[in-house]
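Next come the chains, spelled out residue by residue.
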Amino acid sequence: TDGARLADIWLDAAEFYTDLDPDAFRVPSRVDVERISTEAGAVEGTFARVAQIDGVVAGFVEAHIELPPAGAEAQFVAELAEVRMAVDALVVERPYWRRSVGGALLRAAEEWGRDRGATVVALDTYWSSPVSVSFYEKHMGYERRSISFRKHL
């Protein structure tokens, strides 16, 4: 897939989140994004797909499998002993929101993960996003599981 198109989508998301919270997000350099975009999905054991509408790339997803770490049987968090799929990125360009693009991409990733033995999916999103939180909870059946804390030093 064209790295420039993936960069457009990534930068659109960066602008959206930077507008929401400029202290937490920033718009990266286009050159850096294009370089990274052309490498996406090149790592064995990862899942990378794009969705197209009328021949135009509208969004993409990237995920990977995480095997239980050594000593997982001693952990009290049950899912650490399971094969997990982590969603690294799910991004849909704003003009294509609410057109089932994100759902199709996430379902494809989930199927890929299930086929590789994953029993649970983990992902992060911005807690205050007016779009992604409801997408995951109301449309995709995800539930909040933990709270991540940050403190600037």
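The coordinates are above.
A.B. asks: Explain the sheet that holds strand S4 (residues 120-122) here, please?
C.D. replies: Strand order in this open sheet of four strands is S1-S2-S3-S4, and the pairing throughout is mixed. Across the chains shown, the open sheet's two edge strands, defined by having one partner strand only, are strand S1 (46-53) and S4. On average, each strand axis in the sheet is tilted by 25° relative to the strand beside it, whichever way the strands run. The pairing of S1 with strand S2 (residues 56-66) spans eight bridges and is antiparallel. Each residue of the ladder has a partner; that of Arg-49, found in S2, is Val-61.

A.B. asks: Sorry if this is basic, but what is going on with the pattern of salt bridges here?
C.D. replies: Opposite charge on two side chains makes pairing possible when the charged atoms of those side chains draw close. Under the criterion given, the structure shown has seven salt bridges. For Glu-79, the salt bridge is made with Arg-145, and the minimal N-O distance between the two is 3.2 Å. Of this pair, Glu-79 sits in the loop between S2 and strand S3 (84-92) while Arg-145 sits in the segment after helix H4 (132-139); the two residues are 66 residues apart in sequence, bridging distant segments of the chain. Note on Glu-79: relative accessible area 18%, which makes it buried. Among the ionic pairs, Arg-144 bridges to Glu-137, the shortest N-O distance being 2.4 Å. Taken together, the shared-partner salt bridges connect Arg-5, Asp-8 and Glu-93 into one network.

A.B. asks: How should I be thinking about the pairing of S3 in this particular structure?
C.D. replies: The element S3 is largely enclosed, with a buried count of eight among its nine residues. Inspection of the sheet shows S2 paired to S3 by eight bridges, in the antiparallel sense. Paired with Ala-63 across the bridge in S3 is Val-87. In this structure, S3 lies alongside S4, joined through three bridges in parallel fashion. Following the sheet pairing, Arg-84 is matched in S4 by Val-120. For the segment spanning S3, helix H3 (residues 101-115) and S4, crossover handedness is right-handed.

Calculation criteria
Residues numbered from 1 in each chain as written. Predicted model: local features only at pLDDT ≥ 70, side-chain atom pairs only at ≥ 80, totals over all residues. Heavy atoms only, no water. Pairing = 2+ DSSP bridges. Helix = DSSP H or I, 4+ residues; strand = E, 2+ residues; numbered from the N terminus. Axes fitted to C-alpha atoms, helices over the stretch in contact; angles between N-to-C directions. Salt bridge = Lys/Arg side-chain N within 4 Å of Asp/Glu carboxyl O. Buried < 20%, exposed > 50% of the residue type's maximum accessible area, 1.4 Å probe, protein only. Right-handed = clockwise from strand over helix to strand, strands pointing away.

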